[in-house]
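# Architecture at a glance
Below, each chain spelled out in residue letters.
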Amino acid sequence: MRNRAYTWALPVLAAVVWVVTAAGAAPAAEASADDLCRSAELAGAEVSTSVRLEHDDQTYTKVVTELTVTLPGSWPLAPDLLLSENSRPYIEAMACLIEPERDDPNWDEQRTRPPMVTSTGGRVTVVHKAHGWVNYHQTIKVGLWRIRPTGLEEWKVWLDAPEPLLGAWWDEITVDPGRTGAERAKPDPRAGEGATALVWRPGKADQDVLAWVEEDEAVKQLPVDLAVSVTVKPPWQRSWAARSNHLHAMALNMLGVVLWAGTFAALLQAAVRRYRRRPCPPIDPRVRTLDNLRRWAPTMVALYVLAAAEGMTERILEELGQPAFFEVQLVIRYGCALLSVLVLLSFARPRHPLRTAIAGLLAVAVVLWTAALWARTSDSVILLEGEYTREEVWLALVGAGSSCLVVLLLLSFTAAAWRLAVDGRLVPPSRRLPGRDRRLRLRVAGPAVLAAAVALAVCLALAEERSWQQASWLMDRNDHEYGANHRFDFVWTATWGVSWVQEWLIVEHGWQLTSLALIAVLRSWHDASVLSPLHDVADRVPLLAFFSLAVGLDAQNRLDNALLEFLWIPLYMLALYGTTALLAHRSVLAQRFEISRRPLATVGGPAARRTLLDKARSYREIHAELRRLDQGLFGDVPPEREKLERRLGRLHNWRVNDAPGAAPDRLPDRVSVVDVALALGPRDDWWGNGVRGARFALVPGIPAAVLDTWSQWVRGEGWQNTLADMLGFAGLASTLVSWTVTFAGAGFVLGSLWRVLPGRRGAVKALPVAVAFAVPVGLDVLVTRLMRESAANVALYVLTMLFVLTVTGIALDLDTFAGERRYWQSRLGLLLSVYQMRYYSLQVAYLIGQIIAIITIWQFFAEPNATPSSGEAPPASSN
């Protein structure tokens, strides 16, 4: 019986062992089949990685990482790395080295170029460089590293090593937490490098000793030697900037926006009250421009509030536990855009054809918007004769609705600008109907607006595609979800594009509408008998506000917050008023006649200018004769010096505006008739001088605008920022336009204040305006240094402004004697005569010195600030 028991037991035991062995072997075989990265063959790889946090000269902390992997030739996927970067084998092989299981796009990582792959001696070396920004309070993924701001006080940096490389040889792991250093580090570092960097050299990691490392909301098991984590205490400036998407930071930012717009609105209303006190006949242009100024003040505030309200609304909903899903965001963003359109149209009051077209577009946009929300919740819809999926119809409706809203924003903005320009007589009257205003015709405005909308759409599409390719470069293109995610990302971009265009129009170009309103009221209400706009209590506020708005350098947001921006409005106004008021007694027209002791400013008027120009020409001719006499260039009978000097003395006598029979007055000895003629400027009043200054400033201003735009958007890392920004190319173009308007505005201010500026020549008169521009810029640089942000290109901006104003001043001097142009072979000869040669040589040396300084700044100091805006990267898609 015992033998029979053993006989049955042995086969049963063998069967059990076989079943257990098979059950254990099957998962192993299956795991081996699923190990597409062939991790066992990567045991001979050598890996080095580093991460560096750059805190200074940035709005956000920049994360720079580098990964170097030297692969053995035995790894089956190594040859795939030598293929095209868009090929599927290359992507699968590269994903094994960086992140094997990437199912979602990584919007945090930026790369200036693809990884470098080289093959030598049968081994393949991959060098992957990437960077990112800690620009929101969530986990940032850059390369193999993760950075999580855990609060205001601490950030955590840890290595998230991919599983295929866990068995490789890790040469060196380096973490440089920046100038603040590290608070804690696990495991203990083996060495240090530089002032703050920590170094680990794990070698072959012991996979039997495991540690748990955070990975977003979950954890990951790594060998303890590779579970590198460092706790950093960042500078408070970078910590606050990273929390800019929190509710309190957004509330402060919105408060700054309201304060900035409210300050200008208060200035506009103050100007309206002062103009109403002026005893002037209420002619039609004055009434309309003043009414526009009064109505534009609340309109501007409403537009800026709407531009900042959408993000604030979504954040409030999240704080209340109602996350803003796509449908909610669609309602909020489209609603704010529609309200902005209605606010602009209520101000512009377009005429019938344009009003009808806008009403039709509004109706179409609302219908498309409603249909998109309906298609979002419907399983399928029937369109025309074919059946389309819900997603296809939804994509088409959202894209069409976004396009309509962008066209409406552009068209309403154009209508508002046209209203301000036409009412202020800044646009020539109609030629077909003399005496009537020129109308904004739909056949002209429509194609122009459509072309601008198409250009913006192309910019958004190109930027979105580049951003998507950067974020999804390691994702499987054959996955059925890849195409769906790509299409949804386009829809998300189209939805956000409406907000980006709205912000771009209002924030980037809204100041130009306010400048138009100010210029229009100055054009209609200026008093030709007043020496300068600063001498008139009503004109003073609009001119100072215009200088702060159109000429002053944008103070930019500090720590990605606009709270302090409004402070620079009074700073620029006080700087311009101070430089002119403090030095007004040094101006030529502030000097007094020798006998009557009246100021020379009383010689103003068209008749006085003509007399002065005639005397100035005689003065220059007599001086030319005296120089030739001193040089012995006359013939046998040279003129007598005494007679020439008597003629010069008589030119100082002033009989204009004297009573009959009264003794002639006399110019002071240190002021010549040429000085007085140049001090009056090329036109009969300050407005004419201002217009001439604006036109002359465009000649050097356009090249200067190109230089400043190039330094900000193209030079160095600026080009990468342009490519990454969703409206980068539009921003580049708008910056060029903004700088051109700024230089033209500076020329207008210079010409308007020409008669009260100190100095006898244009190059000297340009200095007070340049100083008024530079002093607030210098204060802004001090704040920038306190915040440890970038002050790149500021010196270049100041020098280009000085150069443009200097050339404009010389051009105004030359234009004063433009009536003599026909007697000279070239403008150079006339300029030599006006400046009496010795002055001209000083002007040339002064200009050459400025050009050399600009080139020096450009070559050695100017660097672009490539820090992205907080809303640059698309948010994570959510349904």
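Residues numbered from 1 in each chain as written. Predicted model: local features only at pLDDT ≥ 70, side-chain atom pairs only at ≥ 80, totals over all residues. Heavy atoms only, no water.

## Quick word on the layout of surface pockets
A volume near 730 Å³ is recorded for the second largest pocket. As for the second largest pocket, its lining consists of 25 residues, and the residues nearest its centre are Leu426, Leu516, Ile519, Ala694 and Ala744. The set of elements that each furnish at least two residues to the lining of the second largest pocket consists of α10 (480-525), α11 (537-551), α16 (686-713) and α18 (728-752). Sort the elements by how many residues they give to the lining of the second largest pocket and α16 lands first, with eight residues. Across the lining of the second largest pocket, the residue classes break down as 15 nonpolar, seven polar and three charged. (1 Å grid on protein atoms, 1.4 Å probe; cavity = no way out; pocket = protein on both sides within 12 Å on 5 of 7 lines; lining within 4 Å. Points joined across faces, edges and corners; volume = space filled by probe spheres on them. Helix = DSSP H or I, 4+ residues; strand = E, 2+ residues; numbered from the N terminus. Nonpolar A, V, L, I, M, F, W, Y, C, P; charged D, E, K, R; others polar.)

## With respect to a nonpolar patch on the surface
A surface patch of nonpolar side chains, amounting to about 290 Å² of accessible area, comprises Leu698, Ile702, Val706 and Leu736. The element contributing the most residues to the nonpolar patch is α16, with three residues. You can see leucine 736 is positioned in helix α18. Owing to a relative accessible area of 31%, leucine 736 belongs among the partly exposed residues under this scheme. (Patch = residues over 30% accessible without salt bridge, like charges linked within 9 Å, V, L, I, M, F, W, Y side chains within 5 Å. Areas by Shrake-Rupley, 256 points an atom, 1.4 Å probe, with all protein chains shown as cover. Salt bridge = Lys/Arg side-chain N within 4 Å of Asp/Glu carboxyl O. Buried < 20%, exposed > 50% of the residue type's maximum accessible area, 1.4 Å probe, protein only.)

## Remarks on the sheet that holds strand β7 (residues 155-159)
Strand order in the open sheet formed by five strands is β5-β6-β7-β15-β9, and the pairing between neighbours is antiparallel. Among the strands making up the open sheet, the edge pair consists of β5 (140-142) and β9 (182-186). For this sheet the average axis-to-axis angle between neighbouring strands, irrespective of direction, equals 15 degrees. Looking at chain direction, β9 and strand β15 (residues 229-232) are connected through four bridges and run antiparallel. Within the sheet, the bridge partner assigned to arginine 184 lies in β15 and is threonine 231. (Pairing = 2+ DSSP bridges. Axes fitted to C-alpha atoms, helices over the stretch in contact; angles between N-to-C directions.)

## Thoughts on the pattern of salt bridges
A side chain with one charge may pair with a side chain of the opposite charge, provided their charged atoms come close. All told, the structure shown has 28 salt bridges when counted by the stated rule. Across the pair aspartate 476 and arginine 88 runs a salt bridge whose closest N-O atoms are separated by 3.9 Å. Separated by 388 residues along the polypeptide, aspartate 476 in the loop between α9 (442-471) and α10 and arginine 88 in helix α2 (residues 88-98) bring together distant segments of the chain. Judged by its relative accessible area of 35%, aspartate 476 is partly exposed. Residue classification places arginine 88 among the partly exposed residues on the basis of a relative accessible area of 44%.

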